[in-house]
Amino acid sequence: MPGIVIVGAQWGDEGKGKIVDLLAEHAEMVMRFQGGNNAGHTIIRDGTKWAFHLIPSGILSPGILCAIGNGVVIDPKVLTGELDGLRARGIDVSGLRVSANAHVIMPYHMLLDHAGEVSLGKLQIGTTRRGIGPAYADKASRLGIRVQDLLDEKILKKKIVAAMEPKRLSLRPFAKSPELDLQRMTEDYVTYGHRIEQYIADTARLCWDVLDRDGTVVFEGAQATLLDIDHGTYPFVTSSNPVAGAACTGAGVGPKDISEVWGVAKAYATRVGAGPFPTEMDDELGDQLREAGGEYGTTTGRARRVGWIDLVGLRYAARINALDYLAITKLDVLSGLGELNVCTRYRGPGEATFDTYPYHQTVMHSASGEYERVPGWDEDISDVRDIADLPQAARDYLAFIADFVGVPVGMVGVGPGSDQIAWTDEGRASIAARTAAVA
Ligand code: IMP
C-alpha cells in the first residue's frame, strides 16, 4: 500500500514537479491534495518544457491516473485551458480525475483576492491573486461551490446567490463587472462543468482501490511547509495546509496509508511575496544567485527573493512532515559561488538566539540567520548521476544538511532536465523497493 507524499520543505518553488514526475514513473496514481493554480510546476522532459498549475505533473507518464483531490481549489477556466494545451501537444489526458468535492474558484474570489491585497497596502501578503484565499474562506464558511455543483444549473445559481450575498458590500466596486452577472456566471460555469464532466469522479475511492491492491500513489504537495496556514509564517502564508498530514484530508486517505514522505528543498532558499525570510541575501551575490537559478515565478513571473539555505527552517519542516528523505534540488546553481553560508541558528530581537523555529511572529520578523561558512566548489556537476561522483565539497555540503536536519538525502538535482538527478544509495534503494512491490 505505498502512499508517498512529496512536500515542499521551504517556501515553495523547490522543484517538487520534477521529483513527482520521477517518482510517478513507478506509481499508478498521482494525486494533488491542496492549493490551486497558485502553484506552478515546470518540468523539462527530453528538452521540452512543460508548465502545470493544476493538473498533476504525472500526466506526462502514460497510463497513470492523475487526480485533483477534494482538498484542491479549482479554477475551471485554468483547468480546461491546461487540458486544451495538453491535448494540442498530443498528450493523452484520459487518466485525469477531478474530485466532485473539490471547491471551485469563482470570479468573485479573484476580485476579492485582488481587492483584499490592495486594501492591505503596505501590509499586503503578495498573494498570487488567483482567488485562493477567498475560495478557501468560502469553503470554511460552507458557502463554497463544489465541482459537482457545476453539473446542475439550478443548484449552481442558488449557491452563487447564497455565496455572493454576504459579500455584497465588498463586491460593490465591481457591481458592473460583466463576470459577476448572475446569469452569465451560471452559464459559464455550467459550460465548464460539461467540459470536465467526463473527468469528475470520487477520487478518494479511486485512491483506495490503488492502495488496496498494493499500487503506489504519489501525493503531490503544492506550495510548502513554511507557507502552511497553521505552521508557516502566518499571515504571510497560503490558505491551505501544504504539510504532509494534509494529504490525508485533501485526498481522503488515513495516516496509515502513507508509507513515505519526501521533503523537497533547494540547495539554497527562495521566497515569493512578503513575509519573514531570515537568510535573505539582499546583495550582489543574491542577484547572481537569482540569475543563475532562473528565480522568476512560473505562475506570476515575479522575481523571487533569494537566500542561503536555512537549516533551522528545514529541521522544523523535517519534524512537522516526519520526513523520510530529502530531495535537494538545484545544487548545480551553487557551483562557482565560492564559500557558502549555511544557516544553523537565528538571531532575534535583543540579541537572543534561536536553535529551533520560533513560533512568535514578532521574533520571526526580526530574525536573521547565523551562519557556518563551508567550502564551495567550481566544477560543473550537471552530468553527475551518483552522489559519490560529486566534488568532495558538494558531498560535504549535503552531508552537513543531512546531519543537521536528521534526514538522509535521497536524491539531488544537478540541472533542469528530468534526468539530471544524482542518487544516493538510500534513495535508489527506496525506489528499487517500490518498483519491486509494484511488479
Ligand atoms: P496565495 O496562495 O495566492 O494566497 O498567496 C499566499 C502566499 O503564498 C504568497 O506569498 C504567495 O507568493 C505564496 N505562494 C502561493 N503559491 C505559491 C507557490 O506555488 N510557490 C511559491 N509561493 C507561493
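Anything mentioned here points back to the structure above.
Residues numbered from 1 in each chain as written. Predicted model: local features only at pLDDT ≥ 70, side-chain atom pairs only at ≥ 80, totals over all residues. Heavy atoms only, no water.

A. The arrangement of the overall build of the protein chain in detail. For the protein chain, the helix and strand inventory stands at 14 helices and 20 strands. Relative to its length of 439 residues, the protein chain is compact, with a C-alpha radius of gyration of 22 Å against a globular reference of 22 Å. If you line up the protein chain on its principal axes, its C-alpha atoms span 65 × 55 × 40 Å. When burial is assessed residue by residue, the protein chain has 57% of its 439 residues classed as buried. Pairs at least 24 residues apart make up 75% of the contacts formed inside the protein chain by residues separated by at least 6 positions. For the protein chain, the exposed area adds up to about 17900 Å²; of that, 52% sits on carbon and sulfur atoms. Between the centroid of the 44 positive side chains of the protein chain and the centroid of its 57 negative side chains there is a distance of 8 Å. (Helix = DSSP H or I, 4+ residues; strand = E, 2+ residues; numbered from the N terminus. Rg over C-alpha atoms; globule rule 2.2 N^0.38 Å. Buried < 20%, exposed > 50% of the residue type's maximum accessible area, 1.4 Å probe, protein only. Contact = heavy atoms within 4.5 Å. Areas by Shrake-Rupley, 256 points an atom, 1.4 Å probe, with all protein chains shown as cover. Lys, Arg positive; Asp, Glu negative; His and termini not counted. Charge placed at Lys NZ, Arg CZ, Asp CG, Glu CD.)

B. A look at the nonpolar core. Grouped together as the largest cluster of nonpolar side chains are 61 residues, with contacts concentrated most on Ile59, Leu79 and Tyr108. Built from parts of two domains, this core gets at least three residues from each of domain 1 (3-92 + 202-438) and domain 2 (103-198). In contact with Leu79, other than residues within four places in its own chain, are Leu54, Ile55, Ile68, Ile74, Leu96, Val98 and Ile196. The next biggest cluster of nonpolar side chains, apart from the first, holds 59 residues, and it includes Val7, Ala246, Ile381 and Val384. (Core = buried A, V, L, I, M, F, W, Y, C linked by side-chain atoms within 4.5 Å. Domains from an automatic or database assignment.)

C. Structural context of helix α7 (residues 182-196). Taking 1.5 Å per residue, 15 residues should reach 21 Å; α7 reaches 21 Å between its end C-alpha atoms and fits that length. Among the residues of α7, those classed as buried are Met185, Thr186, Tyr189, Val190, Tyr192, Gly193 and Ile196. For α7, the arc enclosing every buried residue in end-on projection is 155°, short of the 170-degree limit, so these residues lie on one face. Summarising the contacts, the buried residues of α7 are in contact with α2 (76-88), β8 (103-104), α3 (107-120), α5 (153-164) and β9 (200-201). (Expected span 1.5 Å × (residues − 1). Arc of directions from axis to C-beta.)

D. Highlighting the site of the ligand. Surrounding the ligand, one finds 15 residues, the nearest of these being Asp13, Asn38, Thr128, Thr238 and Arg302. Here Val272 contributes a backbone N or O atom positioned 3.1 Å from an oxygen atom of the ligand. Within the side chain of Arg302, an N or O atom sits 3.0 Å from an oxygen atom of the ligand. Its residues assigned to classes, the shell around the ligand shows six nonpolar, seven polar and two charged. Summarising the domain contributions, the shell around the ligand has at least three residues from each of domain 1 (3-92 + 202-438) and domain 2 (103-198). (Near = heavy atom within 4 Å. Polar contact = N/O pair within 3.5 Å; in protein donor to acceptor, adjacent residues only side chain to side chain. Nonpolar A, V, L, I, M, F, W, Y, C, P; charged D, E, K, R; others polar.)

E. Spotlight on the pairing of strand β19 (residues 409-413). The element β19 is largely enclosed, with a buried count of five among its five residues. Across three bridges, strand β15 (residues 325-329) lies against β19 in parallel orientation. Within β19, the position partnered with Leu326 by the bridge is Val409. With three bridges joining them, β19 and strand β20 (residues 421-423) adopt antiparallel strand pairing. Residue pairing in the sheet places Val412 in a bridge with Ala422 of β20. (Pairing = 2+ DSSP bridges.)

F. Expanded view of a negative patch on the surface. There is a patch of like negative charges on the surface, built from Asp152, Glu153, Asp181 and Glu187. Classification of Asp181 as partly exposed rests on a relative accessible area of 42%. (Patch = residues over 30% accessible without salt bridge, like charges linked within 9 Å, V, L, I, M, F, W, Y side chains within 5 Å. Salt bridge = Lys/Arg side-chain N within 4 Å of Asp/Glu carboxyl O.)

G. Highlighting the packing of α3 against helix α4 (residues 132-140). Taken N-terminus to C-terminus, the directions of α3 and α4 make an angle of 120°; their axes are 7 Å apart at the nearest point. As far as their axial angle goes, α4 and α3 are oblique. In terms of crossing hand, the pair formed by α3 and α4 is right-handed. Contact with α3, carried on its side by Tyr108, His109, Leu112 and Asp113, involves Ile132, Pro134, Ala135 and Asp138 of α4 and no other residues of that element. Looking at side-chain class alone, the contact of α3 with α4 contains five nonpolar, one polar and two charged residues. (Axes fitted to C-alpha atoms, helices over the stretch in contact; angles between N-to-C directions. Parallel < 35°, antiparallel > 145°, perpendicular 65-115°, else oblique. Left-handed = near helix turned anticlockwise from the far one by under 90°.)

H. Expanded view of the environment of Ser382. Mapped onto the secondary structure, Ser382 falls in the loop between β18 (368-374) and α13 (392-405). In the structure, Ser382 is positioned 76 residues away from Val306 in sequence and 21 Å away in space, judged by C-alpha atoms. If we ignore the near neighbours within four places in the chain, the residues touching Ser382 are Val414 and Gln420. One polar contact links Ser382 to Asp380, side chain to side chain, over a distance of 2.7 Å.

I. Representation of the packing of aromatic side chains in the model. Tallying each qualifying case throughout the model produces six aromatic pairs. Summarising the aromatic geometry, the rings of Tyr189 and Tyr192 are spaced 5.1 Å apart at their centres and angled 80° between planes, so their arrangement reads as edge-to-face. Placement of the pair is Tyr189 and Tyr192 together in helix α7, with a separation of three residues, close to one helical turn. A relative accessible area of 5% places Tyr189 in the buried class. When its relative accessible area of 16% is taken as the criterion, Tyr192 is described as buried. A network of ring pairs unites the aromatic residues Tyr316, Tyr346 and Tyr357 as a single cluster. The cationic tip of Arg89 hangs over the ring face of Trp50; the distance from NZ or CZ to the ring centre is 3.8 Å. (Phe/Tyr/Trp six-rings, centres within 6.5 Å; stacked < 30°, edge-to-face > 60°. Lys NZ or Arg CZ within 6 Å of the ring centre and 35° of its normal.)

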